[in-house]
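Fold and contact review
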Amino acid sequence: MDKIICGGFKWVRNPALPDNRIDGGSLFLANAIAQDELSIDTLEADIWSLCRVPLDFEPADYDGLETADGKIFCCASGLPDLTAIPYGTPVEYYRNNALIARLYKSNISRVGLSTYRLSAVSAIGLLDKLPHSGGLYTGQTAGEVLADIIGGTFAYTVAPEVASIKVFGWLPMATRRDNLRQLLFAVGASVRKSADGTIKFVFLSASTPTEIDSEEIYTGGSVNYNTPATGVDVTEHGYYAFATDTVDTLFDNTDGTAADHQKVSFDGPHHDLTAAGITIHESGVNYAIVSGTGTLTGKAYTHLTKIVSRRIETTAAENIVTVEKATLVSAVNSGTTADRVLSYYSGAKTVSADIVVGNVNPGDAVTLEDAFGDATDGIMQSVNITISNTLKANTTIITGYTPIYHGNDYNNRVLLTGAGAWTVPDGVTKAKVVLIGSGAGGTRGTNGGAGGNTTLHFPGTGSKTAGPGAAGIGGAGGSAGLGGKILEVDITLTPGEQIAYQAHPGGTAGQEPGEAGADGQDTVFGAYTSAAGERVDTGYIDRMTGDILGAKGTDGVAGGNGGTGASGGGTGGNGEDVQSWKGGAGNEGQSGTLHDPDGSYSIGGGGGGGAVYGSDGANAPTPTGGAEGKANAGNGTNAVPHPENGAVNYGTGGAGGNGGGGGGGAGQMSVSISGITSSFTWSASGGAPGIASVARNGSPGCAVIYF
């Protein structure tokens, strides 16, 4: 006999009952076997209940309907309206007094005078209407991410081996159910639901199957031989924050109404949020809650992808399964994920059978005879029970698939520097080893050139012109040191064995202007050496920390040229800008009349000094003494070095030195004298050259072990 209990009410399947009876319905229970979907269990039931439906207008002393002579004809029931039962109220379904499933009310609609349609969903279904803000995960455990996603919606337990898995990647703003599905797919875990509604997150197992006796199987059924996959392509995702990431405008209401705790959703994850004129009350990588009028900008995380492929050698037509948008599939679990997907889609077949409702549930390993009489082992995927007088459930069972691929390829990371021996931990039989040689030192930049001087020596009468002096050329930036060679290998290990390793310091930087730095050296781990690898200018991104290893260093920046000295009393040219640093300003020129001796003169302004990386150029000096001082030029600026490589950027080449600034050229001088013979000398100095900055040493090599 079927029975449903909800909100203090009980309905029974018994056609003889005049009230509180079940007229029909169905119960669907399911479990995703390959974690590619997150099913919602559902109950749909038609129930008969003479419950009171409140009237819009009803006298306070209303007790029912009376006849003309005052006798009670129909009394008002004291039962409340069924449609008022709150969303999420537990719903229990029993068969023969055995609890089959506990779900939660999603809706009750009145479809007739005394008939209602009751709809209920499993705890997972409750998550389908709740939003989740997502986030970026950099090694948090699956247990921590589960707690954030479920958010107290229902009680659950999680197996320790599932809870301890480290999670890397990104989740968007979505429903809690969608993000839970992403998490379970990435770690290879499944939801197990007991009859009392208890939720547990576990790894499925095909061991110790429950036998479904032939006497419990109805005649009929089917076997669906799915077209087997011949390969899979799984997209691996990585999200990294770099200073050079693109800046996006995420919110701008400068031409509209002020925001009041408005939630702004981003198109993809962003970091380094900057508010101008508005207040950020709360934020994450996917959203910000803001008030005020202004703008919000942020840098978009660099999103790198890689296709991980698996193929089966076969003569069958190619049938490739693709997984593209599982954004928690990262470098630490892409291999296991690809193996699991291929194992499922290359061999699984679906067996359908009607069985007697008993003690097996979706997710259970079972053994039975299929419709062709063949002995079959598999995992029950779904159960569909029709609420009727027959104790029958239609089931689907996935066979030919063993759920052994779950968790991460690697959960631990060790960084080795210097020299020593690494002892393989207990239980570790394989590892991915990345060897990175030490980086080469950078080349020092060259000094800037001096600006040309102007000297006018005037003997006697007539006219004479000198200058302007040539502008000094900015010094060249030095080349960056190359990163160490990178070798990535998968190796088998024996617990307890010791493996010798050696990583060397980085190459030293060039010391004299234009001198190249020394090369780095190779890193050795056991029988492997980075010499067998290759250099990659962009380096290797550590799959667990996001650190960049083995990259080429930063090239030095050339110094700016000095400004040109002016002619004919004009203003000297400004020195050349370098990136955001400004070249020095030139002096204004001057023209005038001479007395004793009589004549005229014209002094062009001196040029400004060239800018350099890290500093503005020098202005032409303020003139002192006579007018000829206006022709003096600004000095070239000494360059500022690039910073040292970060302590975590092993194997990175040293930065090149930055070039010195060029000195400004002295201005032109012109004199014309008539009458008395006169002899004098005017001089103006070009700008002194700027000195190149030092280059940087390369970073030491290392070995990174993932296991």
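Rules used throughout
Residues numbered from 1 in each chain as written. Predicted model: local features only at pLDDT ≥ 70, side-chain atom pairs only at ≥ 80, totals over all residues. Heavy atoms only, no water. Helix = DSSP H or I, 4+ residues; strand = E, 2+ residues; numbered from the N terminus. Expected span 1.5 Å × (residues − 1). Buried < 20%, exposed > 50% of the residue type's maximum accessible area, 1.4 Å probe, protein only. Contact = heavy atoms within 4.5 Å. Pairing = 2+ DSSP bridges. Axes fitted to C-alpha atoms, helices over the stretch in contact; angles between N-to-C directions. 1 Å grid on protein atoms, 1.4 Å probe; cavity = no way out; pocket = protein on both sides within 12 Å on 5 of 7 lines; lining within 4 Å. Points joined across faces, edges and corners; volume = space filled by probe spheres on them. Nonpolar A, V, L, I, M, F, W, Y, C, P; charged D, E, K, R; others polar. Core = buried A, V, L, I, M, F, W, Y, C linked by side-chain atoms within 4.5 Å. Parallel < 35°, antiparallel > 145°, perpendicular 65-115°, else oblique. Left-handed = near helix turned anticlockwise from the far one by under 90°. Patch = residues over 30% accessible without salt bridge, like charges linked within 9 Å, V, L, I, M, F, W, Y side chains within 5 Å. Areas by Shrake-Rupley, 256 points an atom, 1.4 Å probe, with all protein chains shown as cover. Salt bridge = Lys/Arg side-chain N within 4 Å of Asp/Glu carboxyl O. Lys, Arg positive; Asp, Glu negative; His and termini not counted. Charge placed at Lys NZ, Arg CZ, Asp CG, Glu CD.

Here we take up helix α5 (residues 334-347). When the terminal C-alpha atoms of α5 are compared, their 20 Å separation across 14 residues agrees well with the 20 Å that a helix rising 1.5 Å per residue should span. Within α5, 10 of the 14 residues are buried, which leaves it mostly tucked inside the rest of the structure. Those residues of α5 that fall on the buried side of the exposure criterion are S334, G335, T336, T337, A338, R340, V341, L342, S343 and Y344. Tucked into the core, α5 has its buried residues touching α4 (176-187), β19 (231-240), β24 (302-311), β25 (320-323), β28 (375-386) and β29 (392-399).

Okay, the sheet that holds strand β32 (residues 430-436) next. Pairing within the open sheet is antiparallel, and its four strands lie in the order β30-β43-β32-β34. Of all the strands in the sheet, just β30 (413-416) and β34 (486-492) have a single pairing partner and so form its edges. With strand direction ignored, the average angle separating the axes of adjacent strands in the sheet is 20°. Two strands pair when backbone bridges link them, and β32 and strand β43 (residues 702-706) are joined in this way by five bridges, in the antiparallel orientation. Across the sheet, the residue bridging to K432 is Y706, located in β43.

Before going further, it helps to spend a moment on the layout of surface pockets. Each pocket or cavity is described by its volume, and for the largest pocket that value is around 580 Å³. Surrounding the largest pocket, 19 residues form its lining, I548, A551, K552, T554 and T652 being those nearest its centre. For the lining of the largest pocket, the class distribution of residues is seven nonpolar, nine polar and three charged.

The strand order across the open sheet formed by four strands is β31-β35-β36-β37, and the pairing between neighbours is antiparallel. The sheet is open, and its two borders are formed by β31 (419-423) and β37 (528-529), each paired with just one other strand. The pairing of strand β35 (residues 498-502) with strand β36 (residues 524-525) spans two bridges and is classified as antiparallel. Across the sheet, residue Y501 finds its bridge partner in β36, namely F525.

Next up on the list: the nonpolar core. Within the largest apolar cluster, 36 residues are counted, with the highest numbers of intra-cluster contacts made by I4 and L27. A total of four residues in this core trace back to one element, the largest contributor, which is strand β8 (residues 98-110). With sequence-adjacent residues up to four places away left out, I4 is seen in contact with F9, K10, W11, I22, L43, A45, V91, E92, Y93 and L118. If you look at the next biggest cluster of nonpolar residues, it comprises 32 residues, including V121, V145, I149 and V162.

The next subject is the packing of helix α2 (residues 142-150) against α4. Running from N to C, α2 and α4 cross one another at 165°; their axes reach a closest spacing of 9 Å. Relative to α4, the element α2 is oriented roughly antiparallel. When the axes of α2 and α4 are compared, the crossing they make is left-handed. On α4, the residues touching A142, V145, L146, D148, I149 and I150 of α2 are R176, N179, L180, L183 and V187. Looking at side-chain class alone, the contact of α2 with α4 contains eight nonpolar, one polar and two charged residues.

The next thing to look at is a negative patch on the surface. A cluster of acidic residues, E211, D213, E215, E216, E369 and D374, forms a negative patch on the protein surface. Looking at where E369 falls in the secondary structure, it is placed in strand β27 (residues 365-369). In this structure E369 comes out as partly exposed when scored by relative accessible area, which is 46%.

Just distances and angles here, no functional claims.
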